[in-house]
Amino acid sequence: MTTQTPLRNPTPGFLRREVRLRPMPFPYLAALSICSDIDECDRRTFLAVHQFINDPDGGLGLPIADSFFAVGRSPGQLAYFLSDGRSPGPDAELIVKAIRAGLIDSLHSWGDFNDTPPQPSELRDIASRLTEDFTRRGLQLKVWINHGDPCNRQNLRARLQPGYSGGDPGSPFFTLDLVRALGIKYYWWSELVDWPLSGREPPVTMRVTVQPFINHLKNVIKILIGHRQLIRTTAQVTDLCLPARFADGTTLMAFNRHLRRFREPSTRHTLHYTLTPAVLDELMAEQGYLILYTHLGMPRFEGGELLPAADLRALQYLAGLYHQGKIWVAPT
Ligand SMILES: [Zn+2]
């Protein structure tokens, strides 16, 4: 044990009060990411969307990334493997290049298993092959996004989906060990909110004050009607990221995504619901965070207009705030 001596010249009180850590990197007031599920997106659409959004010359110059499936189902679906789950598909090299370039930062789970659950042994093989390929190439991913309907048993734990069991070591669908081997640190746990999430010390606004009480009231109702498993803690409706501990003793950081008025489907043709002056002003006023849930690749691009006028204006407005140093736009 050591004895601490008091500082001879402690920092004067007026300086201690003045020096504070900013909630955002200078000069930004708030932070926003667009976290895009790759459902239905083909190569042509992916290239058209990201050429426009990311290109600093001729595009918007926004650092927005996307996701990919290990295995897709619909023809043309951007995925690493063909539907046999073992042969690299025609877009595998594009996916690798996009990861290296920062245009893809998320895995939209091992595959699209809507309507039909994966066969456990095949699921394990797909996950092992992708992990081995990525390890051999020196690639890592940090973000996992749960996908789809309840048949997607490979998904990680989610409040509203008791069948998701990719993180349960007692389940035949367990692959969390391989998820971690890919480098995954964060996962979207299928939770949506339609308000900004708090900064470190959110300013006291009516919404910030009232939100926990509304959530508490909803929890009481859920308990009364016998749905205790659906309750959300205050942190689950106010924080961007929370630690989620799994039965194998490991932890990932689970994050919430934003869907304005919970209106589905969320595509690049509905960006104007969220990227409005009213929503982004609220985000800046609360010095908050927002991870927008969308599908940038929907609908498929067939030539002609990539974005309807309202959605083009919405993205241009966001790009303006980013380039003015007001909203920090970043990959997921
Ligand atoms: Zn999806």
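None of these values were measured; they are calculated from a predicted model. (Residues numbered from 1 in each chain as written. Predicted model: local features only at pLDDT ≥ 70, side-chain atom pairs only at ≥ 80, totals over all residues. Heavy atoms only, no water.)

Trainee: Explain the pairing of strand β9 (residues 289-294) here, please?
Mentor: Along any regular strand, the residues point their side chains to alternate faces of the sheet. In terms of residue burial, β9 counts as a mostly covered element, since 5 of its 6 residues are buried. Strand direction decides the pairing type here: strand β1 (residues 30-36) and β9, joined by 6 bridges, are parallel. Looking across to β9, one finds that Cys35 is bridged to Tyr293. (Buried < 20%, exposed > 50% of the residue type's maximum accessible area, 1.4 Å probe, protein only. Helix = DSSP H or I, 4+ residues; strand = E, 2+ residues; numbered from the N terminus. Pairing = 2+ DSSP bridges.)

Trainee: Honestly, the confidence of the model for the protein in this entry has me stumped. Any pointers?
Mentor: Per-residue pLDDT for the protein averages 91, and the proportion of residues at 70 or more is 93%. A low-confidence stretch, residues 1-6 (pLDDT under 50), is modelled with 0 contacts involving residues beyond four sequence positions or located in other chains. (pLDDT = per-residue confidence, 0-100. Contact = heavy atoms within 4.5 Å.)

Trainee: How should the side chain of Asn155 be read in this particular structure?
Mentor: Here Asn155 shows up in the loop between β5 (143-145) and α5 (176-181). One polar contact links the side chain of Asn155 to the main-chain carbonyl oxygen of His147, over a distance of 2.7 Å. (Polar contact = N/O pair within 3.5 Å; in protein donor to acceptor, adjacent residues only side chain to side chain.)

Trainee: Got a minute to help me understand the nonpolar core in this structure?
Mentor: The tendency in soluble globular proteins is for nonpolar side chains to be buried as a group. Within the largest apolar cluster, 44 residues are counted, with the highest numbers of intra-cluster contacts made by Phe68, Tyr80, Trp110, Leu130, Phe134 and Tyr187. Core analysis: the second largest hydrophobic core is formed by 32 residues, Val49, Leu271, Met284 and Ala319 among them. (Core = buried A, V, L, I, M, F, W, Y, C linked by side-chain atoms within 4.5 Å.)

Trainee: When you look at empty space enclosed by the protein in this model, what are you seeing that I'm missing?
Mentor: Take a probe with the size of a water molecule and roll it over the atoms, and the empty space left behind shows itself. Taken as a whole, this structure holds 1 cavity of 30 Å³ or more when the rule is applied. Space inside the largest cavity adds up to approximately 50 Å³. Forming the walls of the largest cavity are Leu259, Arg260, Ser266, Thr270, Leu271, Tyr273, Thr274, Leu292, Tyr293 and Thr294. Here the residues of the lining of the largest cavity sort into 5 nonpolar, 4 polar and 1 charged. (1 Å grid on protein atoms, 1.4 Å probe; cavity = no way out; pocket = protein on both sides within 12 Å on 5 of 7 lines; lining within 4 Å. Points joined across faces, edges and corners; volume = space filled by probe spheres on them. Nonpolar A, V, L, I, M, F, W, Y, C, P; charged D, E, K, R; others polar.)

Trainee: How do you make sense of the packing of helix α8 (residues 277-285) against helix α9 (residues 309-323) when you look at a structure like this?
Mentor: Relative placement of two packed helices is described by the angle separating their axes and the distance separating the axes. Relative orientation of the contacting elements α8 and α9 amounts to 30°, with a least axis distance of 11 Å. Judged by the inter-axis angle, α8 sits roughly parallel to α9. At the point where α8 passes α9, the crossing takes the right-handed sense. On α9, the residues touching Pro277, Leu280, Asp281 and Met284 of α8 are Tyr317, Leu318 and Leu321. Looking at the contact of α8 with α9, its residues break down into 6 nonpolar, no polar and 1 charged. (Axes fitted to C-alpha atoms, helices over the stretch in contact; angles between N-to-C directions. Parallel < 35°, antiparallel > 145°, perpendicular 65-115°, else oblique. Left-handed = near helix turned anticlockwise from the far one by under 90°.)

Trainee: So what exactly am I meant to see when it comes to the pairing of strand β8 (residues 251-258) here?
Mentor: Of all 8 residues in β8, 6 are buried, a share of seventy percent or more. Pairing of strand β6 (residues 186-193) with β8, which is carried by 5 bridges, proceeds in the parallel orientation. Bridge assignment links Val193 to a residue of β8, and that residue is His258. When strand β7 (residues 241-245) meets β8, the two strands line up antiparallel, connected through 5 bridges. Note on β8: the bridge partner recorded for Leu242 is Ala254. Here β7 folds back onto β8 in antiparallel fashion, the turn holding 5 residues, of which Gly249 has a positive phi close to 90°.

Trainee: Before we go on, may I ask you to explain the coordination of the zinc ion in this structure?
Mentor: Each donor-metal-donor angle would ideally measure 109.5 degrees in four-coordinate tetrahedral geometry, or 90 or 180 degrees in six-coordinate octahedral geometry. The protein atoms that coordinate the zinc ion are Asp39 (OD), Asp39 (OD), His108 (NE2) and His147 (ND1), at distances spanning 2.1 to 2.4 Å. Counting gaps between the donor residues of the zinc ion yields the pattern D-x68-H-x38-H. Here Asp39 is found in the loop between β1 and α2 (43-54), whereas its partner His108 is found in the loop between β4 (104-107) and α4 (120-137), with 69 residues between them in sequence. The pair Asp39 / His108 is uniform in exposure class, with both members buried. (Donors = N, O, S within 2.8 Å, 3.2 Å for Na, K, Ca; no water.)

Trainee: Help me out: how do you make sense of the environment of Met206 in this one?
Mentor: Relative to the elements of secondary structure, Met206 occurs in helix α6 (residues 206-224). Measuring from C-alpha to C-alpha, the distance between Met206 and Gly111 comes to 42 Å, with 95 residues separating the pair along the chain.

Trainee: Even after reading the chapter, I still don't get α2, so can you show me in this structure?
Mentor: Structurally, the α-helix is built with 3.6 residues per turn, so residues lying three or four positions apart point the same way. Helix length check: α2, at 12 residues, gives a terminal C-alpha distance of 16 Å against a target of 16 Å (1.5 Å per residue), a fit within 8%. Taken as a whole, α2 has its buried residues at Thr45, Phe46, Ala48, Val49, His50, Ile53 and Asn54. Of the surrounding secondary structure, the elements contacted by the buried residues of α2 are β2 (66-71), α3 (92-101), β4 and α9. (Expected span 1.5 Å × (residues − 1).)

Trainee: Help me understand the side chain of Asn152 in this model?
Mentor: For Asn152, the position within the fold is in the loop between β5 and α5. Overall, Asn152 belongs to the buried group, its relative accessible area being 0%. Within the structure, the side chain of Asn152 is placed 2.8 Å from the side chain of Asn114, a separation counted as a polar contact.

Trainee: Which parts of the structure should I look at to understand the layout of surface pockets?
Mentor: By volume, the largest pocket is sized at about 540 Å³. Looking at which element gives the most residues to the lining of the largest pocket, the answer is β6, with 4 residues. Approximately 380 Å³ is the volume attributed to the second largest pocket. Together, 21 residues line the second largest pocket, and Ser33, Ile291, Ala330, Pro331 and Thr332 are the ones closest to its centre. Among the secondary structure elements, those contributing two or more residues to the lining of the second largest pocket are β1, β4 and β9. The class makeup of the residues in the lining of the second largest pocket is 15 nonpolar, 4 polar and 2 charged.

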